[in-house]
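# Remarks on the overall topology
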Amino acid sequence: QVQLVESGGGLVQAGGSLRLSCAASGIIFSIDNMAWYRQAPGKQRESVARIFSEGSTNYGDSVKGRFTISRDNAKNTVFLQMNSLKPEDTAVYYCNVAVRVSKWSTRDYWGQGTQVTVSS
């Protein structure tokens with residue numbers, strides 16, 4: 001079994017920064033993609049950023065140039081550095097990790113979510 005523990009959320013003023021962390025623990029042989037999603041009240045969960053096993057990244061249009069995703073493979077941890085935060089970034093942020101369970105398949109795990117609130 002794999003557990004994901006998120007940290008780093010909180011309340012910040014517009015223009016400020018936060019750094020989210022998500023650490024995976026348990027029986028892990030390797031991790032493929034790692035990603036962050038968010039869900040605001042009354043809205044669907046949306047993809048924020050993704051980092052692939054070889055290090056390439058992609059971002060949602062609304063966060064490009066402001067957010068940076070990174071990973072520490074030795075610690076099975078993914079980070080999300082959020083700069084120039086806006087009130088519309090307010091949401092619960094979830095990490096998502098694809099753990100390789102065989103040569104041909106992965107299994108997705110989700111963090112418990114961490115609240116990010118940006119005041120205007």
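Scroll up for the structure.
The present account deals with the structure reproduced in this document.

Scoring rules and cut-offs
- Residues numbered from 1 in each chain as written.
- Predicted model: local features only at pLDDT ≥ 70, side-chain atom pairs only at ≥ 80, totals over all residues.
- Heavy atoms only, no water.
- Phe/Tyr/Trp six-rings, centres within 6.5 Å; stacked < 30°, edge-to-face > 60°.
- Lys NZ or Arg CZ within 6 Å of the ring centre and 35° of its normal.
- Salt bridge = Lys/Arg side-chain N within 4 Å of Asp/Glu carboxyl O.
- Helix = DSSP H or I, 4+ residues; strand = E, 2+ residues; numbered from the N terminus.
- Buried < 20%, exposed > 50% of the residue type's maximum accessible area, 1.4 Å probe, protein only.
- Pairing = 2+ DSSP bridges.
- Axes fitted to C-alpha atoms, helices over the stretch in contact; angles between N-to-C directions.

Counting across every chain of the model gives 1 aromatic pair. Cation over ring: Arg19 sits above Phe79, and NZ or CZ is 4.1 Å from the ring centre.

The subject of this paragraph is the pattern of salt bridges. Oppositely charged side chains can pair when the atoms bearing their charge come close. On inspection of all chains with the given rule, the structure shows 5 salt bridges. Residues Asp89 and Arg38 are paired through a salt bridge, measuring 2.9 Å at the closest nitrogen-oxygen approach. On the criterion of sequence distance, the pair formed by Asp89 in the loop between β8 (77-82) and β9 (91-100) and Arg38 in strand β4 (residues 31-39) is long-range, its members being 51 residues apart. A salt bridge links Lys64 to Asp61; the nearest nitrogen and oxygen atoms lie 3.2 Å apart.

Here we take up the pairing of β4. By the criterion of burial, β4 is predominantly enclosed, with 7 of the 9 residues buried. Alignment of β4 against strand β5 (residues 46-51), held across 5 bridges, turns out to be antiparallel. By the bridge assignment, Tyr37 is partnered in β5 with Ser47. Between β4 and β5, which pair antiparallel and follow one another directly, the connecting turn spans 6 residues, one of which, Gly42, has a positive phi of 75°.

All right, on to the sheet that holds strand β3 (residues 18-26) then. Strand pairing within a sheet occurs via backbone hydrogen bonds; the two strands may be parallel or antiparallel. With respect to topology, 4 strands assemble into an open sheet ordered β1-β3-β8-β7, the strand pairing being antiparallel. Each having just a single partner strand, β1 (2-7) and β7 (67-72) make up the two edges of the open sheet. In this sheet, neighbouring strand axes are inclined to one another by 15° on average, regardless of whether the strands run parallel or antiparallel.

For the rest of this paragraph, the subject is the pairing of β9. For β9, a buried count of 8 out of 10 residues is recorded, marking the element as mostly surrounded by other parts of the structure. Here 7 bridges tie β4 to β9, and the two strands are oriented antiparallel to one another. The residue bridging Gln39 from the neighbouring strand is Val92, located in β9. As paired elements, β9 and strand β11 (residues 114-119) share 3 bridges and run antiparallel to each other. Pairing of Tyr93 across the sheet is with Thr114, part of β11. Alignment of β9 against strand β10 (residues 106-110), held across 5 bridges, turns out to be antiparallel. Residue Val97 lies in a different strand from β10, and its bridge partner there is Tyr109.

In short, shape yes, function no, at least from these values alone.
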